[in-house]
Amino acid sequence: MYSRWIGWRYSGRGVARLEDLRLLRGAGRYLDDIRLDGMLYASFVRSEYPHARIKRVDVSDALKASGVVAALTYSDIEGRIKPWSFKSPSSPMYPLAGDRVRYVGEPVAVVVAEDPYKAEDAAELVQVDYEPLEPVVDPIKAMEPGAPRVHEEAERNIAFRKKLSCGDVARELARAEVVVADRLWIGRKYAASLEPRGVVASYSGGELTVWVSTQTPHDHRDELLERLAKPPRSVRVIQPDVGGAFGAKIEVYPEEVVVPYLAMLLGRPVKWVPSRREDAVSTTHGRDVGAELEVAATRGGEIRAVRGRIIADVGAYPLGVWLPLTAAKILPGAYKISSAEVEVLAVYTNKTPLAAYRGAGRPEGIFFIERMVDLLADELGLDPAEVRARNLVTPEMMPYENCFGWKYDSGDYVSTLRRGLSLLRVRELEEWASGERARGRLVGVGYAFYVEITSGGPFETARVTLKEDGSVEIAVGSTPTGQGDATGFAQLAADMLGVPMESVRVVWGDTSVIEEGVGTFGSRTLTVGGGAVIDAVSQVLERLRSRAGEVLGIPEGRVAYRPGEFYDMLEPDRVIGLADLVRRVYREMGESALEVVSAYSKYDPKTPVYPYGLHVAVVEVDRGTGRVRVLEYRSLDDVGRVINPVLVEGQIVGGVLQGIGDALYEEMKYGGDGHPLTLSLSDYGVPTAMEAPEKVEIHIQETPTHHPHGTRGVGEIGTIAAPPAIARAVENALGGALRVRRLPISPEEILRALESAR
Amino acid sequence: MYPPEFKVLVPSSLEEALKLLKEHGDNAKILAGGHSLIPMMRLRLVKPEVVIYLGKVPGLRYIRENGSTIKIGAMTTHGEIESSSLLAEKNPLLQETASKIGDLQVRNMGTIGGSIAHADPAADYPAALTALEATVVLKSLDGEREVKVDEFIQGPYFTDARPDELLVEVRVPSLSGRFGTAYEKLYFRATDFAIVGVAAYVEVDGGAFSRVRVGLTGVGDKPVRARQVEEELVGREASEASIEKAADLASEGLEPPSDVRASSEYRKKMAEVLTKRALTRALSKAKGG
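What you see is a predicted model; the values in this text were computed from it and never measured.

Quick notes on the rules
Residues numbered from 1 in each chain as written. Chains lettered and ligands numbered in written order. Predicted model: local features only at pLDDT ≥ 70, side-chain atom pairs only at ≥ 80, totals over all residues. Heavy atoms only, no water. Pairing = 2+ DSSP bridges. Helix = DSSP H or I, 4+ residues; strand = E, 2+ residues; numbered from the N terminus. Contact = heavy atoms within 4.5 Å. Axes fitted to C-alpha atoms, helices over the stretch in contact; angles between N-to-C directions. Buried < 20%, exposed > 50% of the residue type's maximum accessible area, 1.4 Å probe, protein only. Expected span 1.5 Å × (residues − 1). Buried area = accessible area lost by both parts, 1.4 Å probe. Salt bridge = Lys/Arg side-chain N within 4 Å of Asp/Glu carboxyl O. Polar contact = N/O pair within 3.5 Å; in protein donor to acceptor, adjacent residues only side chain to side chain. Nonpolar A, V, L, I, M, F, W, Y, C, P; charged D, E, K, R; others polar. Parallel < 35°, antiparallel > 145°, perpendicular 65-115°, else oblique. Left-handed = near helix turned anticlockwise from the far one by under 90°. Patch = residues over 30% accessible without salt bridge, like charges linked within 9 Å, V, L, I, M, F, W, Y side chains within 5 Å. Areas by Shrake-Rupley, 256 points an atom, 1.4 Å probe, with all protein chains shown as cover. Domains from an automatic or database assignment. Disulfide = S-S within 2.5 Å.

Draft legend 1. Just the sheet that holds strand β13 (residues 285-297) of chain A, in detail. All names here are of chain A. Ordered by their spatial adjacency, six strands build an open sheet running β7-β15-β14-β13-β8-β29, and the pairing between neighbours is mixed. Taken across any chain shown, the strands that pair with only one partner, and hence form the sheet edges, are β7 (158-166) and β29 (742-743). With nine bridges connecting them, β13 and strand β14 (residues 303-315) associate as antiparallel partners. Across the sheet, the residue bridging to G290 is I311, located in β14. Those strands touched by helix α10 (residues 322-330) are β7, β14 and β15 (340-348), and its axis lies near 165 degrees from that of β15.

Draft legend 2. Examining the side chain of A:T216 more closely. Residues and elements named next belong to chain A. Of note, T216 is situated in the loop between β10 (207-212) and α7 (217-227). Judged by relative accessible area, which is 2%, T216 ranks as buried. Residues within four places of T216 in sequence aside, it is in contact with K249, I250, V518 and F521.

Draft legend 3. Structural detail: helix α12 (residues 264-286) of chain B. Counted at 1.5 Å a residue, the expected span for α12(B) with its 23 residues is 33 Å, and the 32 Å between its end C-alpha atoms agrees. The positive-phi residue at the C-terminal boundary of α12(B) is B:G288, with phi of around 90 degrees.

Draft legend 4. Quick peek at the interface of chain A and chain B. Between chain A and chain B, the residue contacts involve 31 residues of the former and 25 residues of the latter. Of all residues in chain A, the largest losses of buried area upon contact with chain B belong to A:E120, A:R627 and A:E748, amounting jointly to 22% of the total for that side. Counting across the chain A and chain B interface gives six salt bridges. Of the charged contacts, one joins B:K269 and A:E755 as a salt bridge, the two residues approaching to 4.0 Å between their closest N and O atoms. If you look at where chain A meets chain B, you find 15 residue pairs in polar contact (both at pLDDT 80 or more). Elements supplying a minimum of two residues to the side of chain A that touches chain B: α4 (116-123), α9 (276-282), α19 (645-665) and α21 (747-757) of chain A. Residues that form the side of chain A that touches chain B fall into these classes: twelve nonpolar, seven polar and twelve charged.

Draft legend 5. Geometry of the pairing of strand β12 (residues 196-205) of chain B. Residues and elements named next belong to chain B. By the criterion of burial, β12 is predominantly enclosed, with eight of the ten residues buried. Both strand β11 (residues 179-186) and β12 contribute to a ladder of eight bridges, which runs antiparallel. From the neighbouring strand, K185 faces β12, where its bridge partner is G197. Of the pairings in the sheet, the one linking β12 to strand β13 (residues 208-217) comprises nine bridges and is antiparallel in character.

Draft legend 6. The arrangement of the sheet that holds strand β28 (residues 695-701) of chain A in detail. Residue and element names in this part refer to chain A. The strand order across the open sheet built from four strands is β18-β26-β27-β28, with neighbouring strands paired in mixed fashion. A strand with exactly one partner marks an edge of an open sheet, and here the two such strands are β18 (442-451) and β28. With direction set aside, neighbouring strand axes in the sheet form an average angle of 15 degrees. Relative to β28, strand β27 (residues 628-638) is paired through seven bridges, and the arrangement is parallel. Residue pairing in the sheet places L636 in a bridge with H699 of β28. Across the sheet, α19 lies against β26 (612-621), β27 and β28, angled at about 135 degrees from β27, the strand it touches most.

Draft legend 7. Representation of the packing of α21(A) against α12(B). At a minimum axis distance of 11 Å, the contact between α21(A) and α12(B) shows a crossing angle of 70 degrees. Between α21(A) and α12(B), the crossing angle belongs to the class labelled roughly perpendicular. The element α21(A) and its partner α12(B) pack so that their crossing is left-handed. Packed against α21(A), whose contacting residues are A:P747, A:E748, A:L751 and A:E755, the element α12(B) presents B:Y266, B:K269 and B:M270 at the interface. Residue composition of the contact of α21(A) with α12(B), by class: four nonpolar, no polar and three charged.

Draft legend 8. Main features of the side chain of B:R107. Residues and elements named next belong to chain B. Along the chain, R107 turns up in helix α6 (residues 104-109). Given the relative accessible area of 12%, R107 is considered buried. A polar atom in the side chain of R107 sits 3.0 Å from the side chain of E82. Excluding residues that lie within four positions of it along the chain, R107 makes contacts with T77, H78, G79, E82, A98, S99, I101 and G102.

Draft legend 9. Spotlight on the environment of A:F44. Residues and elements named next belong to chain A. Relative to the helices and strands, F44 resides in strand β1 (residues 40-46). A sequence separation of 211 residues divides F44 from E255, and the C-alpha atoms of the two residues are 8.2 Å apart. Setting aside its immediate chain neighbours within four residues, F44 contacts L96, P107, A109, V110, E255, V258, V259, W272 and E278.

Draft legend 10. Representation of a nonpolar patch on the surface within the structure. Taken together, the side chains of B:F6, B:V8 and B:V10 define a hydrophobic patch exposed on the protein surface, amounting to about 230 Å² of accessible area. By relative accessible area, which is 44% here, B:V10 ends up partly exposed.

Draft legend 11. Region of the structure containing α19(A). Over its 21 residues, α19(A) runs 28 Å from end to end, which matches the ideal 30 Å to within 8%, given 1.5 Å per residue. In this structure A:N644 caps α19(A), since a side-chain oxygen of it lies 2.9 Å from the backbone nitrogen of A:V646.

Draft legend 12. Summary view of the domain arrangement of chain B. Residue and element names in this part refer to chain B. Split by domain assignment, chain B resolves into domain 1 (7-53), domain 2 (63-173) and domain 3 (179-286). Taken together, both faces of the contact between domain 2 and domain 3 bury some 2100 Å²; the carbon and sulfur share is 57%. Our enumeration of links across domain 2 and domain 3 arrives at five salt bridges. Here D124 and K185 are joined by a salt bridge, their closest N and O atoms 3.1 Å apart. In this structure, the connection of domain 2 to domain 3 is made through 15 residue pairs in polar contact (both at pLDDT 80 or more). Elements represented by at least two residues in the side of domain 2 that touches domain 3 include exactly α5 (92-99), α8 (125-131) and β8 (153-155). Broken down by element, the side of domain 2 that touches domain 3 gets its largest block of residues, five residues, from α8.

Draft legend 13. Structural detail: the state of the cysteines. Residues and elements named next belong to chain A. Inspection of the entire model under this criterion finds one disulfide over all chains. Disulfide pairing is shown between C166 and C403; the S-S distance is 2.3 Å. Linking C166 and C403, the disulfide has an S-S dihedral of approximately -45 degrees and is accordingly described as left-handed. With C166 in strand β7 and C403 in the loop between β16 (400-401) and β17 (407-408), the pair connects residues that are 237 residues apart, well separated along the chain.

Next comes the structure, spelled out in structure tokens:
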């Protein structure tokens, strides 16, 4: 009930980010800024082969080198650090490889020295005898009988397999008036955060303190206690400022367990910060998911059934087997599809393991269905928007359970599509583009309608404390890495408490400031973490309400609240200010005041929420070179209630630019021999400001959700919606000369299509 | 990303720099802007024992006209070349090329001498310098010599400089009359190295091409001139139609590399497309456009 005050002063307004002043002045403190007395530096020796048996690792020369303190191989940590084992058929993943390496970059040995230069010099002296094995590179060939295996345990290299089905696909296909089929693929990505991963650990008096560039410090703490055979008495994990994460800092990595172990073993702090090349091979990759699909429909464009399979190249270990499953579950998209059958396959190859990357399965699923709907429209000669409109889930069906079991909470897809077409002036754009094409310019317009899942569980935490001096401290279990969520939390709390935002301090990213937490990923922080803040503030206010009754000398039932003060609802001029009340509680209760003025919440989001919307891209293709440029981008998104439009805009614009990367620039390429080819930022094509569209126009629609503040997640919309919109825009620009099946689209492919159409 | 141990020497005169170079020769690398050398050292692709830093050597940073030649000191930055009014008027090809190198930070630090001596096969300058028939001046304690750029660059990261020689100056012509120039760069992202770069320089006399020079970068081990295009055009009518026909010859004899950015075949095709674009733009400038 206290949540009714959200929005009276700050929430909903474009309040400047509290985080910025410090970060923009260079006062941020990132992992590599941490320097401790007596600190040592670790350097990892990594597999140079995609697939090999390790015959011998010899660290004796390294140990003799100047400044070297230790050099460890698998045999030194065996039984001391427990390997990871998985539900999927797989050999265990060792923190340092045992007798076999399965991808270029897999850690094999570690050297610790007095400074990072000496550590790297000595790492070069470690001798590893490899016996190369035939690498598994192509995920489709990997499933052929007789293919070499990444793990002996996994037949046909299949890490995970599941069939999802609903309705009567066979019947619908048999009687379908039209069936379209295609094979689609989104290439492999590297998150390429400005700041690579990294870890510092220090051990003293039985206490292990670990600083790590992560999204999940609490999980990291629990993982350390589980991995270390002789765990320390206590573990504190601190997340410093993080320079980008994008899902790739969710996993707890081998180095992040080995370095804390080294700190315990050596009794001195140890730091590891990878180079860009090292980060690119050792940090989990994303996407690399494909689909083979058939869509059955009526001549009028009504989709009757979808059948096919979704395949992910999950690399060497089964960390990301859930990604193709997520892609499959969102595959029905915003449409009423009641018959579908999809086989989900996760396949091992000798590449860096796959895991979450901004969108994690939803960009893939939405790309697949949006591509298929465009194909169906082309086949039927119908307007793609019309085909979409005919199939969209209607508002009276809400909440709507899609045929693979995901329950879309709310929304009006049909009118949002119609509204979007007019608000974003799509028809005018199409008319303009067609006029330009008639004059010889290859410009095109494309759009995509998406729905996606955000704000999942299991929970998120917050502790809100009203201080004696009138300030408010909020500790949260979520772990923002630049999104500005602390500003959002402060807006919510300041509204409810009737205090200026400046007196709210938000802290996070430290297992010692809040004992439980999940983390920032899956577009959940402001929605789920915000729910925890609202709940904790409400608890404090409720406790203070009964105190207010005592002070005012009235029964609790008569005490009402408005921001900043309690009052007697029968005699509203009898008031006690919140700050006065808090001071009084401290005065009267001393130390135990916290029992009243501080509250902890473990907020259960119960069900996910689903943002949706229409995104439109305008591109121009250079006829001579095949290069594509995104000229303009427009979007209409229903993100639920907006807490801060500045934060929403940051997330959408950043996500769209990353989606442009997915569609046109970024790919972690591997050669046919299993060696990665794009290990520098000049080879791996993260788009820069120069590749950004000149104009981006963002519109927001605010249909509230079941959360007290009514929000939906917003962090991954751009990477989900932009790729299919851009793919269609390129097709449109080329006037049908190219069918986009694979991302990123290469200039060469476009040029070939233009030539063969000539 | 930590290089092995190396020593940094900081000469304060050209004489001293040349002495150090004589002394350390093969084991030394010259540090000018550092935009290529330092990443290569950090990746341990090069491991010099000695790095000789030229930043404190006076007299290597200038752009001056000397008769029909413009002399550019080796330590002149890309940014200085980009913003030079002398070059904008009398050698706009070099000025345009510099403006398309990397990004602002790179142009503020990187130097023309460092870039040429590094001889990256995808660097931008060599296209223009080849088209301009530019020369470089190499100096050692034993004297100095002037070498044509296309003879100086012998292959990827490989030049004609002896271990004791320092590239001290770049000489380009001061252009006049009815001329036009253009540099067309095909890049993946705006701040990248060229996938293919084509520099064109044309002179027009009485409605016909009187002089045509086309230099290409990114299409092989070293920059090349598209001589067949040049020969085809000289004496022909100065028109887009002539260019259209001749530009297809730009890929004759080329065997460009294939890499993650582009196939050899695509680079060949792009050599033709960019040659046509560069010549068309150069012609339009020559005609006063």
